[in-house]
Each structure stands twice: as structure tokens, then as C-alpha cells.
Amino acid sequence: FLAAGDPARGPILGEIDRAREWAARALVIDPDDVLTQYNGACFYSIVGDYDRAIDILIGVLPRVGKQTKDWVRNDSDLKPLKTHPRYGEVLKLLD
């Protein structure tokens, strides 16, 4: 589902709605898989659904280790979230 692309660069496949369906399905199929959840957060950040991305991160961060938390701090896919009013909720979980 990450093949939907970045809105700033334009969709790669041009099928954002389909990618959203895939992302939602993946998150439902394997809600306990940290990688699926993390990729879902990245996807939603890329397509501009920042609240959904933050909700996913808030749900997954208590279950991850330092390496994943470091990724969250530095992942360019999540950069748009850093100016979101709710990003403070994410920061609290990174410590």
C-alpha cells in the first residue's frame, strides 16, 4: 500500500483510494504486527491523514524497542507529523 506515493510528488500508481483500502485491510488483518502498524502510520502520514498516523503510532509505540523509536524520530515519512498539534503525544512515548 505504500506504492500510493507521496502527495507532494504525486501518486506513483494514481490509486490512493485503493491503497487506503489495502492499508486499512492490513491493519485489521494483523493488528499485533509492529511492522504492519509502523508501515501503516508511514502510509497515512504520506497521504496526509496525520491524525490516523498519530493514532497508530500511539497504539504501537508502547510495544516497540529503542531501534524502532529511533526510526520514528528520524523517518522522513513521518516528518509531516512533527508540526502536528498532537505530535507531543508521540514524543512522550519515545522516551
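Quick note: structure is the one above.
**Observations regarding the overall build of the chain**
Part 1 of the argument: Secondary structure assignment for the chain yields 5 helices and 2 strands.
Part 2 of the argument: For the chain, the α and β elements follow one another from N to C terminus as β-β-α-α-α-α-α.
Part 3 of the argument: Looking at the chain as a whole, 35% of its 95 residues qualify as buried.
Part 4 of the argument: Nonlocal contacts in the chain, meaning residues at least 24 apart in sequence, comprise 57% of its contacts between residues at least 6 apart.
Part 5 of the argument: Accessible surface, the chain as shown: approximately 5600 Å² in total, 54% of it carbon and sulfur.

**Remarks on the environment of Ala24**
Part 1 of the argument: Here Ala24 lies in helix H1 (residues 16-29).
Part 2 of the argument: Under the relative-accessibility criterion, Ala24 is labelled partly exposed at 33%.
Part 3 of the argument: With 20 residues separating them along the chain, Ala24 and Tyr44 place their C-alpha atoms 9.9 Å apart.

Conventions adopted
- Residues numbered from 1 in each chain as written.
- Predicted model: local features only at pLDDT ≥ 70, side-chain atom pairs only at ≥ 80, totals over all residues.
- Heavy atoms only, no water.
- Helix = DSSP H or I, 4+ residues; strand = E, 2+ residues; numbered from the N terminus.
- Buried < 20%, exposed > 50% of the residue type's maximum accessible area, 1.4 Å probe, protein only.
- Contact = heavy atoms within 4.5 Å.
- Areas by Shrake-Rupley, 256 points an atom, 1.4 Å probe, with all protein chains shown as cover.

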